[in-house]
Amino acid sequence: MKRIFILVLVSLLMGCASVGSPRPTDPNRIDGSPLAAAPVIFFQRFLSRADGHRCPMTPSCSNYALDAIRRHGALIGYIMACDRLMRCGRDELSLSAPTMTHDGPRWQDPVTDNDFWWR
(Lines give C-alpha, C1' and ligand atoms only; values in the text may rest on other atoms or scores of the structure.)
Protein backbone atom coordinates (compact mmCIF):
# COMPACT_ATOMS: atom_id res chain seq x y z
CA MET A 1 0.00 0.00 0.00
CA LYS A 2 2.85 2.37 0.88
CA ARG A 3 4.57 1.76 -2.46
CA ILE A 4 1.37 2.33 -4.42
CA PHE A 5 0.76 5.63 -2.62
CA ILE A 6 4.29 6.85 -3.36
CA LEU A 7 3.97 5.81 -6.99
CA VAL A 8 0.66 7.70 -7.35
CA LEU A 9 2.10 10.83 -5.74
CA VAL A 10 5.20 10.63 -7.90
CA SER A 11 3.10 10.27 -11.04
CA LEU A 12 0.85 13.20 -10.17
CA LEU A 13 3.66 15.61 -9.41
CA MET A 14 6.00 14.48 -12.16
CA GLY A 15 4.41 16.88 -14.62
CA CYS A 16 4.93 19.96 -12.45
CA ALA A 17 8.50 19.16 -11.36
CA SER A 18 11.30 20.76 -13.34
CA VAL A 19 14.16 18.67 -14.67
CA GLY A 20 16.97 20.85 -13.31
CA SER A 21 20.71 20.36 -13.67
CA PRO A 22 22.10 16.84 -13.48
CA ARG A 23 24.76 17.74 -10.87
CA PRO A 24 23.75 20.48 -8.43
CA THR A 25 26.64 22.14 -6.61
CA ASP A 26 24.98 21.83 -3.20
CA PRO A 27 24.52 18.15 -2.27
CA ASN A 28 21.66 19.01 0.14
CA ARG A 29 19.68 20.92 -2.48
CA ILE A 30 16.81 19.01 -4.08
CA ASP A 31 16.73 20.00 -7.75
CA GLY A 32 15.78 23.55 -8.70
CA SER A 33 12.21 23.06 -7.54
CA PRO A 34 10.95 21.99 -4.13
CA LEU A 35 7.98 20.45 -5.95
CA ALA A 36 10.23 17.69 -7.27
CA ALA A 37 10.75 16.24 -3.80
CA ALA A 38 7.45 17.30 -2.22
CA PRO A 39 5.65 13.93 -2.42
CA VAL A 40 8.62 12.06 -0.97
CA ILE A 41 9.13 14.56 1.84
CA PHE A 42 5.39 14.47 2.60
CA PHE A 43 5.57 10.68 2.80
CA GLN A 44 8.61 10.78 5.10
CA ARG A 45 7.19 13.38 7.47
CA PHE A 46 3.62 12.19 7.80
CA LEU A 47 2.96 8.70 6.45
CA SER A 48 6.18 6.85 7.20
CA ARG A 49 6.15 7.86 10.86
CA ALA A 50 2.68 6.40 11.29
CA ASP A 51 3.46 3.24 9.33
CA GLY A 52 6.97 2.57 10.65
CA HIS A 53 10.21 1.61 8.94
CA ARG A 54 9.64 -1.56 6.92
CA CYS A 55 11.93 -1.13 3.91
CA PRO A 56 14.45 -3.99 3.75
CA MET A 57 16.87 -1.85 1.73
CA THR A 58 19.41 0.77 2.74
CA PRO A 59 19.01 3.59 2.01
CA SER A 60 15.25 3.38 2.40
CA CYS A 61 13.18 3.81 -0.76
CA SER A 62 12.22 7.37 0.14
CA ASN A 63 15.84 8.37 0.85
CA TYR A 64 16.85 6.66 -2.39
CA ALA A 65 14.24 8.75 -4.24
CA LEU A 66 15.53 12.00 -2.71
CA ASP A 67 19.12 11.08 -3.57
CA ALA A 68 18.19 10.17 -7.14
CA ILE A 69 16.36 13.50 -7.57
CA ARG A 70 19.31 15.31 -6.04
CA ARG A 71 21.81 13.65 -8.39
CA HIS A 72 19.88 13.37 -11.66
CA GLY A 73 17.07 15.91 -11.55
CA ALA A 74 13.35 15.33 -11.24
CA LEU A 75 12.57 13.28 -14.34
CA ILE A 76 15.36 10.71 -14.18
CA GLY A 77 15.26 10.75 -10.37
CA TYR A 78 11.59 9.77 -10.41
CA ILE A 79 12.22 7.07 -13.00
CA MET A 80 14.98 5.64 -10.78
CA ALA A 81 12.72 5.88 -7.71
CA CYS A 82 9.91 4.00 -9.48
CA ASP A 83 12.40 1.35 -10.58
CA ARG A 84 13.59 0.99 -7.00
CA LEU A 85 10.02 0.66 -5.70
CA MET A 86 9.41 -2.17 -8.15
CA ARG A 87 12.62 -3.96 -7.09
CA CYS A 88 12.38 -3.36 -3.33
CA GLY A 89 12.26 -6.58 -1.35
CA ARG A 90 12.32 -8.84 -4.40
CA ASP A 91 15.30 -9.87 -6.52
CA GLU A 92 17.52 -7.23 -4.93
CA LEU A 93 17.64 -9.24 -1.69
CA SER A 94 19.36 -12.11 -3.48
CA LEU A 95 21.69 -9.85 -5.49
CA SER A 96 22.95 -7.52 -2.74
CA ALA A 97 24.94 -8.17 0.38
CA PRO A 98 23.18 -7.61 3.74
CA THR A 99 24.46 -4.86 6.01
CA MET A 100 23.76 -4.55 9.72
CA THR A 101 22.06 -1.29 10.73
CA HIS A 102 20.41 -0.11 13.94
CA ASP A 103 17.13 -1.52 12.53
CA GLY A 104 18.64 -4.96 11.84
CA PRO A 105 19.94 -6.39 8.56
CA ARG A 106 19.30 -4.29 5.46
CA TRP A 107 20.42 -4.82 1.87
CA GLN A 108 22.63 -2.21 0.19
CA ASP A 109 21.31 -0.53 -2.97
CA PRO A 110 22.53 3.09 -3.18
CA VAL A 111 21.87 5.35 -6.15
CA THR A 112 25.55 5.22 -7.09
CA ASP A 113 25.19 1.49 -7.82
CA ASN A 114 22.47 2.27 -10.37
CA ASP A 115 24.01 5.32 -12.07
CA PHE A 116 25.30 3.26 -14.98
CA TRP A 117 21.82 3.34 -16.56
CA TRP A 118 22.00 7.10 -17.09
CA ARG A 119 25.56 7.62 -18.37
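Our structure is the block above this text.
About the cut-offs
Starting afresh in each chain, residues are numbered from 1 along the sequence in its written order. Predicted model: local features are reported for residues with pLDDT of at least 70 only, side-chain atom pairs are reported and counted for 80 or more only, and whole-chain, interface and lining totals are derived from all residues. Side-chain figures throughout are based on the complete set of non-hydrogen atoms in the structure, without hydrogens or water. Counting from the N terminus, the helices are the DSSP runs of H or I reaching at least four residues and the strands are the DSSP runs of E reaching at least two. Exposure is judged per residue with a 1.4 Å probe applied to protein chains only, and the accessible area is read against the type maximum: over 50% gives exposed, under 20% gives buried, and values in between give partly exposed. One requirement defines pairing of two strands: DSSP has to find at least two bridges between them. Helices are assigned an expected span. That span is 1.5 Å times one less than the residue count. Throughout, the bend at a residue refers to the angle made by two axes, fitted to the seven residues ending there and to the seven starting there.

Observations concerning the side chain of asparagine 114
Here is step 1 of the chain: Within the element layout of this structure, asparagine 114 appears in the segment after strand E3 (104-108).
Here is step 2 of the chain: Exposure remark for asparagine 114: the relative accessible area of 10% places this residue in the buried category.

Considerations on the pairing of strand E2 (residues 98-101)
The two faces of a sheet get side chains in turn, since along a regular strand they alternate between them.
Here is step 1 of the chain: Of the pairings in the sheet, the one linking E2 to E3 comprises four bridges and is antiparallel in character. The partner of methionine 100 across the bridge, within E3, is proline 105.
Here is step 2 of the chain: Between the antiparallel neighbours E2 and E3 lie two residues.

Remarks on helix H4 (residues 74-87)
Here is step 1 of the chain: Its 14 residues place the ends of H4 20 Å apart at the C-alpha level, agreeing with the 20 Å of an ideal helix rising 1.5 Å per residue.
Here is step 2 of the chain: Buried within H4 we find Ala74, Gly77, Tyr78, Met80, Ala81, Cys82, Arg84, Leu85 and Arg87.

A short note on helix H2 (residues 38-51)
Here is step 1 of the chain: In this model, H2 (14 residues) spans 19 Å end to end at C-alpha, consistent with the 20 Å of a helix rising 1.5 Å per residue.
Here is step 2 of the chain: Within H2, the axis deviates most sharply at glutamine 44, by approximately 40 degrees.
Here is step 3 of the chain: Of all the positions in H2, only Pro39, Val40, Phe43 and Ser48 are classed as buried.
Here is step 4 of the chain: In the segment just after H2, glycine 52 is the residue with positive phi, at about 90 degrees.

That's the geometry; what it means functionally is another story.
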